[in-house]
There are 2 protein chains.
Amino acid sequence: MRTKQGTIVPIKPKRPPAADSVVARLTPRLRIVFGESLRLGPGKIDLLEAIGRTGSISAAGRELGMSYRRAWVLVDAVNRMFTQPAVTTAAGGVQGGGAQLTAFGQALVIAYRRIEARTLAAIQEEMAPFDGDIVPD
Amino acid sequence: MRTKQGTIVPIKPKRPPAADSVVARLTPRLRIVFGESLRLGPGKIDLLEAIGRTGSISAAGRELGMSYRRAWVLVDAVNRMFTQPAVTTAAGGVQGGGAQLTAFGQALVIAYRRIEARTLAAIQEEMAPFDGDIVPD
């Protein structure tokens, strides 16, 4: 939740499950559906984060076990979903000019992670009554 | 949110987006990850709901464009995730004895739909600042 001052307060379930409960281990896997074939999910968001860390599409892809081509296609798909780029690249040099996660891209990652955290809180609260009924994996 | 009396109050975003905004058309696609290969997502939940409506695994599968075998595999997977069955079947007769969504299965569907509604509210609130930046599909 954002306070009135705009600072970010961590999102936690109102009634957090006991650490040894099965529900405490449940996690969300979430895609935001923008249209027929346009989705924003963990693959693209993990990649944006890795580009922010490494400054490189190929290094980010490698970190995630993705080919350069696959990483490039995902970055291109995100950039086409918005009127502003999430990632910019600079040409030049033997190793290319690197890539940068823009302020817009950073804001997008933060928004997705906040949605994911709120979904996790919802899962742990709404699934709490089923804790004793879940067969551990 | 559940009131103290246990009645269900619809979940809405605190600041609902304008009906003509792009963000108002964003939706979640959510799987709850129970373990390595155990997930509960829209496919299984839609199927449980359809079984509740039709009283039949094959009719429910047909409604969702799924083979009987596929529908049966999904029902079996859900039943194995919990210590109580979400769907029970009765043998017998030429057309089989039908299938029933148990009270446990109904509670599971309601919990999933509540998590989904809370995720939708989170998407619409957290993505609102990006409304003007989304390229419509």
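Since we're looking at a predicted model, the values are computed, not measured.

**Observations concerning the relation of the copies chain B and chain A**
When chain B is fitted to chain A, the best match, at an RMSD of 0.0 Å, comes from turning it 180° and sliding it 0.0 Å along the axis. Between the two chains, the operation in question is that of a two-fold axis. Considering only C-alpha atoms, the part of chain B nearest the rotation axis is Leu-30 of chain B, at 2.3 Å. The fraction of interface residues of chain B whose copies in chain A are also interface residues reaches 100%, indicating that both copies meet through the same surface.

**Quick word on the packing of helix H1 (residues 42-54) of chain A against helix H4 (residues 103-126) of chain A**
Residue and element names in this part refer to chain A. At a closest axis distance of 10 Å, the pairing of H1 and H4 adopts a crossing angle of 135°. Considering their axes alone, H1 and H4 lie oblique with respect to each other. By crossing handedness, the relation of H1 to H4 is classed as left-handed. For the pair H1 and H4, contact is made by Pro-42, Ile-45, Asp-46, Leu-48 and Glu-49 and by Leu-108, Val-109, Tyr-112 and Arg-113, respectively. Tallied by class, the residues present in the contact of H1 with H4 amount to 6 nonpolar, no polar and 3 charged.

**With respect to the environment of Tyr-68 of chain A**
Residues and elements named next belong to chain A. In this fold, Tyr-68 is placed in helix H3 (residues 68-81). Tyr-68 sits in the partly exposed class, given a relative accessible area of 48%. The spacing of Tyr-68 and Ser-58 is 10 residues in sequence and 5.2 Å in space, taken between C-alpha atoms. Residues within four places of Tyr-68 in sequence aside, it is in contact with Ile-57 and Ser-58.

**Description of the interface of chain B and chain A**
At the junction of the two partners, chain B supplies 41 residues and chain A supplies 41 residues. Here chain B meets chain A over a buried area of about 3600 Å², counting both sides, of which 60% is carbon and sulfur. Joining chain B to chain A, the criterion identifies 6 salt bridges. Here Glu-125 of chain A ties to Arg-118 of chain B by a salt bridge, and the two come within 2.8 Å at their closest N and O atoms. If you list the elements that add at least two residues to the side of chain B that touches chain A, you get strand S1 (27-33), helix H3 (68-81) and helix H4 (103-126) of chain B. Considering every element that reaches the side of chain B that touches chain A, the biggest residue donor is H4 of chain B, with 13 residues. Two strands pair when backbone bridges link them, and strand S1 (residues 27-33) of chain A and S1 of chain B are joined in this way by 7 bridges, in the antiparallel orientation.

**Describing the nonpolar core**
Met-127 of chain A together with Met-127 of chain B are the most contacted members of the largest nonpolar core, which totals 72 residues. Here Met-127 of chain A is in contact with Val-23, Leu-26 and Ala-122 of chain A together with Ile-32, Phe-34, Leu-108, Ala-111 and Ile-115 of chain B, once residues within four sequence places are set aside.

**So, empty space enclosed by the protein**
In total, this model carries 1 cavity of 30 Å³ or more according to the counting rule given. In this structure, the largest cavity spans a volume of roughly 30 Å³. Lining the largest cavity we find Val-22, Arg-25, Leu-26, Ile-134, Val-135, Pro-136 and Asp-137 of chain A together with Phe-34 of chain B. Residue composition of the lining of the largest cavity, grouped by class: 6 nonpolar, no polar and 2 charged.

Calculation notes
Residues numbered from 1 in each chain as written. Chains lettered and ligands numbered in written order. Predicted model: local features only at pLDDT ≥ 70, side-chain atom pairs only at ≥ 80, totals over all residues. Heavy atoms only, no water. Least-squares fit on C-alpha atoms with pLDDT ≥ 70 in both. Contact = heavy atoms within 4.5 Å. Axes fitted to C-alpha atoms, helices over the stretch in contact; angles between N-to-C directions. Helix = DSSP H or I, 4+ residues; strand = E, 2+ residues; numbered from the N terminus. Parallel < 35°, antiparallel > 145°, perpendicular 65-115°, else oblique. Left-handed = near helix turned anticlockwise from the far one by under 90°. Nonpolar A, V, L, I, M, F, W, Y, C, P; charged D, E, K, R; others polar. Buried < 20%, exposed > 50% of the residue type's maximum accessible area, 1.4 Å probe, protein only. Buried area = accessible area lost by both parts, 1.4 Å probe. Salt bridge = Lys/Arg side-chain N within 4 Å of Asp/Glu carboxyl O. Pairing = 2+ DSSP bridges. Core = buried A, V, L, I, M, F, W, Y, C linked by side-chain atoms within 4.5 Å. 1 Å grid on protein atoms, 1.4 Å probe; cavity = no way out; pocket = protein on both sides within 12 Å on 5 of 7 lines; lining within 4 Å. Points joined across faces, edges and corners; volume = space filled by probe spheres on them.

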